[in-house]
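Descriptive structure summary
Listed below are the residues making up each chain.
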Amino acid sequence: MSLALAPLDANVELEANLPCRKFDPDLWFSDSPTELELAKSLCGDCPLRVECLAGAVERAEPWGVWGGEIFERGAVVPRKRPRGRPRKEDVARDAALRVEAEARLAASGLATSRNTVRLAA
């Protein structure tokens, strides 16, 4: 008697290797800026990063890390700030990070103009 095995679905195997499937899903929706930066870094090598980001932009995701970018209130933010008034050096760093986030979106082909993807100020 022989057992016939069903062919392995490549999508199931791929999904099992995605960072958002291997690690705690709460990491991608954390309130902690440090944990969100970790989630962003885990997205870096994901084979579905561009598709994930495009879907999040299209849906205007209200929060979380999608495709290696942080979304807050439907806009891409360079980093999540902790509660309270920001320090002056944080404001300057945020401006530089905003430019970097815009460049990454443009490189992904998702931001041809400022109207395509809304970046938080």
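As recorded by an unreviewed UniProt entry, the protein chain carries the name Transcriptional regulator WhiB and is attributed to Micromonospora cathayae. Turning to the protein chain, the UniProt annotation filed under Subcellular location (unreviewed entry) states: "Cytoplasm". Recorded in UniProt for the protein chain, the comment headed Function (unreviewed entry) runs: "Acts as a transcriptional regulator. Probably redox-responsive. The apo- but not holo-form probably binds DNA."

**Points about the UniProt feature "binding site: [4Fe-4S] cluster" (unreviewed entry) in the protein chain**
Taking the numbering used here, the UniProt-annotated feature "binding site: [4Fe-4S] cluster" (unreviewed entry) corresponds to C20, C43, C46 and C52. The greatest C-alpha distance among the annotated residues, which extend across 33 residues, is 10.8 Å, indicating that they converge on a single site. Residue placement: C20 occurs in helix 2 (residues 19-22). For C52, the position within the fold is in helix 4 (residues 49-59). Setting aside anything within four residues of it in sequence, one finds C52 in contact with W66 and G67.

**Describing unusual backbone geometry**
Positioned with a positive phi, A60 is a non-glycine residue whose angle comes to about 50°. By secondary structure assignment, the location of A60 is in the loop between helix 4 and strand 1 (63-66). Here R73, not a glycine, exhibits a phi torsion of approximately 55°, which is positive. Tracing the sequence through the fold places R73 in the loop between strand 2 (69-72) and strand 3 (75-77). Residue class for R73 comes out exposed when judged on its relative accessible area of 70%.

**Comments concerning the packing of aromatic side chains**
Within this structure, the stated rule accounts for one aromatic pair. Directly above the ring of W66 sits R59, whose terminal nitrogen or CZ lies 5.2 Å from the centroid.

**Points about helix 5 (residues 88-107)**
Here helix 5 contains 20 residues, and its C-alpha end-to-end distance of 29 Å stays within 8% of the 28 Å for a straight helix at 1.5 Å per residue. Of all the positions in helix 5, only D90, D94, A101 and L105 are classed as buried. One side of helix 5 holds all its buried residues, which, seen down the axis, span an arc of 50°. The outward face of helix 5, more than 90 degrees from its buried face, is lined by the exposed residues K88, E89, A92, V99 and A107.

**Points about the pairing of strand 2**
For strand 1 and strand 2, the ladder comprises four bridges, and the chain directions are antiparallel. Following the sheet pairing, G64 is matched in strand 2 by F71. Where strand 1 folds back onto strand 2 in an antiparallel hairpin, the turn is made up of two residues, including G67, whose phi is positive at roughly 60°. Looking at chain direction, strand 2 and strand 3 are connected through three bridges and run antiparallel. Pairing of F71 across the sheet is with V76, part of strand 3. The turn joining strand 2 and strand 3, which pair antiparallel and follow one another in sequence, is formed by two residues; a positive phi near 55° is taken by R73.

**Observations regarding the confidence of the model for the protein chain**
Regions with low pLDDT carry predicted coordinates that are not meant to be interpreted in detail. Overall, the prediction assigns the protein chain a mean pLDDT of 78, with 74% of residues at 70 or greater. When pLDDT is averaged over each element of the protein chain, strand 1 comes out on top at 94 and helix 1 (residues 10-16) at the bottom at 57. Low confidence marks residues 1-10, where pLDDT is under 50. Its contacts with residues over four positions away, or in another chain, come to one contact. Confidence drops under a pLDDT of 50 for residues 112-116, and excluding neighbours within four residues, the segment shows five contacts in the predicted structure.

Basis of the calculations
- Residues numbered from 1 in each chain as written.
- Predicted model: local features only at pLDDT ≥ 70, side-chain atom pairs only at ≥ 80, totals over all residues.
- Heavy atoms only, no water.
- UniProt positions renumbered as here; feature names shortened; annotations may be inferred.
- Helix = DSSP H or I, 4+ residues; strand = E, 2+ residues; numbered from the N terminus.
- Contact = heavy atoms within 4.5 Å.
- Buried < 20%, exposed > 50% of the residue type's maximum accessible area, 1.4 Å probe, protein only.
- Phe/Tyr/Trp six-rings, centres within 6.5 Å; stacked < 30°, edge-to-face > 60°.
- Lys NZ or Arg CZ within 6 Å of the ring centre and 35° of its normal.
- Expected span 1.5 Å × (residues − 1).
- Arc of directions from axis to C-beta.
- Pairing = 2+ DSSP bridges.
- pLDDT = per-residue confidence, 0-100.

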